[in-house]
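Working through the structure, step by step
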Amino acid sequence: MFPDQLNGWKEIAAYIGKSVRAAQRWEEELGLPIHRIKTPAGQIVFARRSEIDEWMFERDELGGRRATAGIPPAPRRISPLWFLVAGVAAVAIVLLAGIAAWMRAPAVGAGHPAAARFRLEGTTLQGITDEGRVAWSIDFAEAVQEPAIDWRPNLQPVQRGDIDGDGDAEALIVVSRPDRTAQEQLICVTAEGREEWRYTPSITLRFGEESFTGPWPIRDVLVAQAGPAAGVWVALAHSIWWPGAVVKIDAHGTASVRFVQSGSINALGLWPYEGRGAIVAAGVNNEHAGASVAVIDPSRPATSPQTPGSAFACRNCPAGAPLKYIVLPRSELNRLSRVPYNMAIGLTVSNSSMTVTTTEWHEPGMNAIYTLDGSLAPSLVTMSDGYWHLHRRLELSRAIDHDLLRCPDRHEPRRVRIWEPRGGWREARAEAGGGAIPGAP
């Protein structure tokens, strides 16, 4: 998985500030760089921020093609003949109006140019117009920068969404400091530069005899714009140790802890579970040493199911339970690795199913892809090409004693553990996907 990857049309459209339909039209008509991977569950669409940035830059350089891409063209120059006809008085009015508009733009307040994109520069957050001009800036009085995403590929540092329901999209911007021990912030700002609210994670969680106070890096941000889940959902994980949490922020910036887990949370999704919108949180459960998927009722706080009295049982967390909790098993190669568990790192939503990607090795690209059906029960698991290439490498080094065509991960069902409020823990099966292996005879 690439560190700058955008998963699905929704993330791609949010990154370029357009609707999903407009983003798809850009691909068809203008060559927006999009990648696809075929899986047994369907097609996975993704893009890379670096490639989109380069594509956008090239279109800016072409100038005349901006209008066809849906990007406003540069303002037209007024013909000198017009000035001769209009007279000296009209010229003076036009020039004074232009100067006044330019002087008003950099300040924050009503009536300023809308920002098409955002930039962290020195100590300020800047809104940049389509023409590349600074429309406004917000000063933090200390150095700020975009958060590092190489170890949290789901995080989009900038997202757009109608947070307050007024019909206008706000921007959600994750701000980091050069000092990695400083707490990150999530800022909600209008396109005209009005700061609506600022969220600084400051929770304390107690597991066993230990208290965890942060800092809490932001792993993912999800905007839900309708229904009981409406609001901004933020996934947090402790900067050093293992606890994780999901926080909901309402339109006014009021934050509340909605889910706590004995393990980090890396990705968030929205799913119509049993007729209601549910939040899905993917990560890892440290007590059970496996990738985890939690299905959360957005109207009721909850904590992951843990063994009572253990060091992984939270002492000051919500008393409620998730609607469903899943622990995905470790693969053969994961058990041979230097890591103590696999970890869910990504969610992709399609029309009738959800896929969960886990990392199975201490190098990128060695993944298992689980397909969850409409009830969010794991039904199929397929290993990535990178996983099989790693398998062949370990065969040659004699770390494993069978070839990849006879590997249990290719043929045998996986035993998945599922917890539900009424029945507690039970086991289910996810069938192995099999399929062709590149380079295999």
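Residues numbered from 1 in each chain as written. Predicted model: local features only at pLDDT ≥ 70, side-chain atom pairs only at ≥ 80, totals over all residues. Heavy atoms only, no water.

1. Describing helix 7 (residues 385-396)
- Taking 1.5 Å per residue, twelve residues should reach 16 Å; helix 7 reaches 17 Å between its end C-alpha atoms and fits that length.
- Regarding helix 7, the residues found buried are Tyr387, Trp388, Leu390, His391 and Leu394. Projected onto a plane normal to the axis of helix 7, the buried residues spread over an arc of 155° and lie on a single side.
- The inward-facing, buried residues of helix 7 abut helix 6 (332-336), strand 24 (367-372), strand 25 (378-383) and helix 8 (408-411).
- Following helix 7 by one or two positions, Arg398 has its phi on the positive side, about 65°. (Helix = DSSP H or I, 4+ residues; strand = E, 2+ residues; numbered from the N terminus. Expected span 1.5 Å × (residues − 1). Buried < 20%, exposed > 50% of the residue type's maximum accessible area, 1.4 Å probe, protein only. Arc of directions from axis to C-beta. Contact = heavy atoms within 4.5 Å.)

2. Looking at unusual backbone geometry
- Note that the residue after Gly214, namely Pro215, is joined by a cis bond; omega there is 5°.
- Structurally, Pro215 can be placed in the loop between strand 12 (210-212) and strand 13 (218-224).
- A positive phi angle, near 65°, is found at Ala141, a position not held by glycine.
- Residue placement: Ala141 occurs in the loop between strand 6 (134-139) and strand 7 (158-161).

3. Side note on the packing of aromatic side chains
- Under the criterion given, the structure shown has eight aromatic pairs.
- Each ring, one from Phe118 and one from Trp136, has its centre 5.9 Å from the other, and the planes form 55°; the classification is tilted. Separated by 18 residues along the polypeptide, Phe118 in strand 4 (residues 117-121) and Trp136 in strand 6 bring together distant segments of the chain.
- Judged by relative accessible area, Phe118 falls into the buried class, the value being 12%.
- Summarising the aromatic geometry, the rings of Phe207 and Trp242 are spaced 4.9 Å apart at their centres and angled 70° between planes, so their arrangement reads as edge-to-face. Here the residue Phe207 occupies a position in strand 11 (residues 205-207), and Trp242 occupies one in the loop between strand 14 (231-237) and strand 15 (244-249), the gap between them amounting to 35 residues. (Phe/Tyr/Trp six-rings, centres within 6.5 Å; stacked < 30°, edge-to-face > 60°.)

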